[in-house]
Amino acid sequence: MNIRLVFLIAAVIVFSFGSGALSFFYGGGIGLEQAYNDNQISIVQKTYAGSIPHNVSVKNNGSQPVVVYKGTILKSEESQDLVIIENKKISPNSNDSIQTYCIEPNQKAIPQKTLKPSGTVSPEIKQIIDYSNPSNLQNATKSQLQIWIIVGKGNVNPYSGEAMALVENQGIRYYQLRNNLSIAKNSVMEQFNMTNTTIKNISSTSDSSSANKWFNDLRQWLRLNLGI
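If you're wondering where the values come from, they're calculated on a predicted model, not measured in any experiment. (Residues numbered from 1 in each chain as written. Predicted model: local features only at pLDDT ≥ 70, side-chain atom pairs only at ≥ 80, totals over all residues. Heavy atoms only, no water.)

Quick notes on the overall build of the chain
Basically, it comes down to this: We count a stretch as a helix when DSSP gives it H or I for four or more residues in a row; a strand needs E for two or more, and each element gets its number in order from the N terminus. Here the term buried applies to any residue with accessible area under 20% of the maximum for its type, exposed to any over 50%, and partly exposed to those in between, with areas from a 1.4 Å probe on protein chains only. Two residues qualify as a contact provided that any one of their heavy atoms is within 4.5 Å of a heavy atom in the partner residue. A 1.4 Å probe and the Shrake-Rupley method give the accessible areas. Residues count as covered only by the protein chains that appear here.
Across its full length, the chain holds 8 helices and 9 strands. Here the chain holds 228 residues, and 45% of them are scored as buried. Of the contacts formed within the chain by residues at least 6 apart in sequence, a portion of 68% connects residues at least 24 apart. Of the accessible surface of the chain, which amounts to about 11,400 Å², a share of 49% is contributed by carbon and sulfur atoms.

Comments concerning the layout of surface pockets
Operational definition: Two kinds of site are reported from a 1 Å grid over the protein atoms alone, namely cavities, where a 1.4 Å probe fits but cannot get out, and pockets, open sets with protein on both sides within 12 Å along at least five of seven lines, and residues are called lining when an atom falls within 4 Å of a point. Grid points are joined across faces, edges and corners, and a volume is the space filled by probe spheres set on the points. Note that Gly is not counted as nonpolar here; it falls among the polar residues with everything else outside the nonpolar set of Ala, Val, Leu, Ile, Met, Phe, Trp, Tyr, Cys and Pro and the charged set of Asp, Glu, Lys and Arg.
One number sums up the size of the second largest pocket: a volume of about 220 Å³. As for the second largest pocket, its lining consists of Gln138, Asn139, Thr141, Lys142, Leu145, Gln146, Asn180, Ile183, Ala184 and Ser187. Of the residues assigned to the lining of the second largest pocket, the class counts are 3 nonpolar, 6 polar and 1 charged.

Let's talk about the sheet that holds strand β2 (residues 41-45)
Operational definition: Strands were regarded as paired on the criterion that DSSP finds at least two bridges between them. Between the N-to-C directions of two axes lies an angle of 0 to 180 degrees, each axis being a line fitted to C-alpha atoms and, for a helix, fitted only over the stretch in contact.
Read around the closed barrel, 6 strands run β2-β3-β8-β6-β5-β9, paired in antiparallel fashion. This sheet shows a mean twist of 45 degrees between the axes of neighbouring strands, independent of strand direction. Relative to strand β6 (residues 82-84), strand β5 (residues 72-75) runs antiparallel, the two sharing 2 bridges. Bridge assignment links leucine 74 to a residue of β6, and that residue is leucine 82.

Some details on the sheet that holds strand β4 (residues 66-68)
Pairing within the open sheet is mixed, and its 3 strands lie in the order β1-β4-β7. Two strands lie at the open edges of the sheet, namely β1 (30-31) and β7 (88-90), each paired on one side alone. In this structure, β4 lies alongside β7, joined through 3 bridges in antiparallel fashion. Paired with valine 68 across the bridge in β7 is lysine 88.

Remarks on the packing of aromatic side chains
Just so we agree on the cut-off: Two aromatic rings from Phe, Tyr or Trp, using only the six-membered ring of Trp, form a pair when their centres are within 6.5 Å; if the ring planes differ by under 30 degrees the pair is stacked, by over 60 it is edge-to-face, and anything between is tilted.
On inspection of all chains with the given rule, the structure shows 1 aromatic pair. For the pair tyrosine 159 and tyrosine 174, a centre-to-centre distance of 4.9 Å together with 40 degrees between the ring planes defines the contact as tilted. Taken together, the residues span a long stretch of sequence, with tyrosine 159 in the loop between α5 (137-151) and α6 (161-170) and tyrosine 174 in helix α7 (residues 174-191) at a distance of 15 residues. Classification of tyrosine 159 as partly exposed rests on a relative accessible area of 46%.

What about the nonpolar core?
How we decide: Only buried Ala, Val, Leu, Ile, Met, Phe, Trp, Tyr and Cys residues count toward a nonpolar core, and they belong to the same one when joined by side-chain atoms within 4.5 Å.
Grouped together as the largest cluster of nonpolar side chains are 45 residues, with contacts concentrated most on Leu32, Ile43, Val56, Leu74 and Tyr101. It is α5 that provides the largest number of residues to this core, a total of 6 residues. Aside from chain neighbours lying at most four places away, what touches leucine 32 is Ile41, Ile43, Val58, Val66, Val67, Val68, Thr72, Leu74, Ile84 and Pro117.

Concerning the environment of glutamate 86
Going by this rule: For this analysis, a polar contact is any N or O atom pair within 3.5 Å, provided that within protein one partner can donate a hydrogen and the other can accept it, and provided that sequence-adjacent residues contribute only side-chain to side-chain pairs.
Among the structural elements, glutamate 86 can be located in the loop between β6 and β7. Judged by its relative accessible area of 17%, glutamate 86 is buried. For the pair formed by glutamate 86 and aspartate 130, sequence separation is 44 residues and the distance between their alpha carbons is 8.8 Å. Excluding anything up to four places from it in sequence, glutamate 86 contacts Val68, Tyr69, Lys70, Ser97, Ile98 and Gln99. Of note is the side chain of glutamate 86, whose polar atom sits 2.7 Å from the backbone nitrogen of glutamine 99.

Topic: the pattern of salt bridges
Note the cut-off: For salt bridges, the criterion is a side-chain nitrogen of Lys or Arg within 4 Å of an Asp or Glu carboxyl oxygen.
Counted by the stated rule, this structure contains 5 salt bridges. Its salt-bridge partner being lysine 70, residue aspartate 130 comes within 3.4 Å of it at the nearest N-O pair. Linking aspartate 130 in helix α4 (residues 123-130) with lysine 70 in the loop between β4 and β5, this pair joins segments that are 60 residues apart in sequence. Assessed through its relative accessible area of 17%, aspartate 130 is described here as buried. Exposure remark for lysine 70: the relative accessible area of 13% places this residue in the buried category. A salt bridge links glutamate 86 to lysine 88, with the shortest nitrogen-to-oxygen separation between them at 3.9 Å. Judged by relative accessible area, which is 21%, lysine 88 ranks as partly exposed. One network of salt bridges, in which partners are shared, links Glu86, Lys88 and Asp96.

Function-wise, these values are silent; they only describe arrangement.
So, in structure tokens, the structure goes:
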């Protein structure tokens, strides 16, 4: 029997005991949301409006490692909302930088404002993140616009918030952004088999059921570590 298949079956069995089991594969640790609720961490916006990707600082003040999963939503009352786009483990009593994409295009990012974890994004946004390349500005911008299309249910105002800041930061014109948003919309509709009607009903957040969350986290770990 294929060794990967054996491992996959074993992992599913282990993972069924709870989402915390995934931390075992990272050498121990607790999830970001649990750490936040336990006052173990602080999360701060670091980059200015228009940055792609954005960076946030996660400071772990506790005695346990904190495991960060891509797809986790970070909300702010003053700055913009973000989604984490990488998996990482933050050691105790340390500070690390985490890459994110914007999921609130009408709000500008404000450095030094605090954020808090709050659920996960939809499978569609997770898929866009999985196939994005944040180290390549052109590719990352394409992924960012596709996420905005989903969040905006097909429509994004290029003259406000983070969208406007993107124009200023990248030195492009508004007609170019409008054209790129149109391309992003067509790409999202084709990729996820949507129409102008169905895209208006798409959700930007994930099903909150535990089983769905476990499966998505397991799928991410398998892709990262086994290439499955």
